[in-house]
Amino acid sequence: MRPEVQAFVADGPLPDWDTSEEEIDRRVKQLETISRPVTAEEAAALVTCFGPDDCYGVAWSLLHLIESGPNPVLTTPPAPDANEWHARLWRRAVNAEPVEETA
């Protein structure tokens, strides 16, 4: 896994809207250092970094980065109480038809 991905993942989930502008800018800069496409291993690690909301659009950038990797990162439906971003990734994979919707 590339060091820039490791650094982003090590800082944990994206913050929520109540965090400082400086922290959001810092996370955006971290995300921007990760070149596309990501590997399957990197995508799997990055999927753990979604926070409680869209973090002023930063979560969308994270989602698109994850989707630059090979195959969908989620191959089974997320649990009903899963993060909304995991549900969104799953739904987008189903809509793109690389995975079959079950259940």
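See above for the structure.
Predicted model only: the values in this text are computed from it and were never measured.

Draft legend 1. Up close: the packing of helix 4 (residues 58–67) against helix 5 (residues 84–96). One way to put it is that helix 4 packs onto helix 5 with a least axis distance of 11 Å and a crossing angle of 40°. Relative to helix 5, the element helix 4 lies oblique. Note that helix 4 runs across helix 5; the crossing there is right-handed. Contacts between helix 4 and helix 5 pair Ala59, Trp60, Leu63, His64, Ile66 and Glu67 from the former with Trp85, Arg88, Leu89 and Arg92 from the latter.

Draft legend 2. Here's a closer look at the packing of helix 2 (residues 21–32) against helix 4. Interhelical geometry of helix 2 versus helix 4 gives an angle of 15° and a closest axis separation of 11 Å. As summarised for this structure, helix 2 and helix 4 are arranged roughly parallel, according to the angle between their axes. For the pair helix 2 and helix 4, the sense of crossing is left-handed. Residues Ile24, Val28 and Leu31 of helix 2 form the contact with helix 4, whose own contacting residues are Val58, Ser61, Leu62 and Leu65. Residues belonging to the contact of helix 2 with helix 4 are distributed by class as follows: 6 nonpolar, 1 polar and no charged.

Rules and cut-offs
Residues numbered from 1 in each chain as written. Predicted model: local features only at pLDDT ≥ 70, side-chain atom pairs only at ≥ 80, totals over all residues. Heavy atoms only, no water. Axes fitted to C-alpha atoms, helices over the stretch in contact; angles between N-to-C directions. Helix = DSSP H or I, 4+ residues; strand = E, 2+ residues; numbered from the N terminus. Parallel < 35°, antiparallel > 145°, perpendicular 65-115°, else oblique. Left-handed = near helix turned anticlockwise from the far one by under 90°. Contact = heavy atoms within 4.5 Å. Nonpolar A, V, L, I, M, F, W, Y, C, P; charged D, E, K, R; others polar.

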